[in-house]
Amino acid sequence: MSKICGCPRCGERAFEKLKTYSHCSNCLYAEDTWESPNAAYLQAMKDITEIETAQDENKKVKQSNQKEKNEISICA
């Protein structure tokens, strides 16, 4: 299914939008909106890595706070 609308480059109403590809027959402008089948998986893996990194940093902060607390109570 396609949709004809105004072209972002030339402004003419000759820009055809398709599901994975769009083009203008007037000025030959083209947009590729195809997404790899693995894109969702790769994005999820990236998000998981960021979450794990943040959790590891949080654990390190908690451990250092605990060590400081222990050192203060031993000195007192």
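Everything discussed here concerns the structure shown above.
Reading the values: rules and limits
Residues numbered from 1 in each chain as written. Predicted model: local features only at pLDDT ≥ 70, side-chain atom pairs only at ≥ 80, totals over all residues. Heavy atoms only, no water. Phe/Tyr/Trp six-rings, centres within 6.5 Å; stacked < 30°, edge-to-face > 60°. Helix = DSSP H or I, 4+ residues; strand = E, 2+ residues; numbered from the N terminus. Buried < 20%, exposed > 50% of the residue type's maximum accessible area, 1.4 Å probe, protein only. Pairing = 2+ DSSP bridges. Axes fitted to C-alpha atoms, helices over the stretch in contact; angles between N-to-C directions.

Colleague: For this particular structure, what's the right way to read the packing of aromatic side chains?
Modeller: By convention here, two paired aromatic rings are described through the distance between centres and the angle between planes. Inspection of the entire model under this criterion finds one aromatic pair. Between Phe15 and Tyr29 the ring centres are 5.9 Å apart and the planes differ by 35°, which places this aromatic pair in the tilted class. Residue Phe15 is located in strand β2 (residues 15-17), and its partner Tyr29 is located in the loop between β3 (21-24) and β4 (30-32); the two are separated by 14 residues in the primary sequence. For Phe15, a relative accessible area of 2% gives the class buried.

Colleague: Even after reading the chapter, I still don't get the pairing of β3, so can you show me in this structure?
Modeller: Consecutive side chains of a regular strand alternate in pointing toward one face of the sheet and then the other. Here β3 shows a clear split, with Ser22 and Cys24 buried on one side and none of Tyr21 and His23 buried on the other. Hairpin connection, β2 to β3: the antiparallel pair is bridged by three residues. Pairing of β3 with β4, which is carried by three bridges, proceeds in the antiparallel orientation. Note on β4: the bridge partner recorded for His23 is Ala30. In textbook terms, the turn of a hairpin is the stretch between consecutive antiparallel strands, and for β3 and β4 this stretch comprises five residues, one of which, Leu28, has a positive phi near 65°.

Colleague: So what exactly am I meant to see when it comes to the sheet that holds β2 here?
Modeller: Sheet strands pair via backbone hydrogen bonds, and the direction of the pair is either parallel or antiparallel. Read from one edge of the open sheet, four strands run β1-β2-β3-β4, paired in antiparallel fashion. Two strands in the sheet have a free side with no partner beyond their single neighbour: β1 (3-5) and β4. The average angle at which neighbouring strand axes cross in this sheet is 15°, direction not considered. Looking at chain direction, β1 and β2 are connected through three bridges and run antiparallel. In the strand pairing of β2, Ile4 is matched with Glu16.

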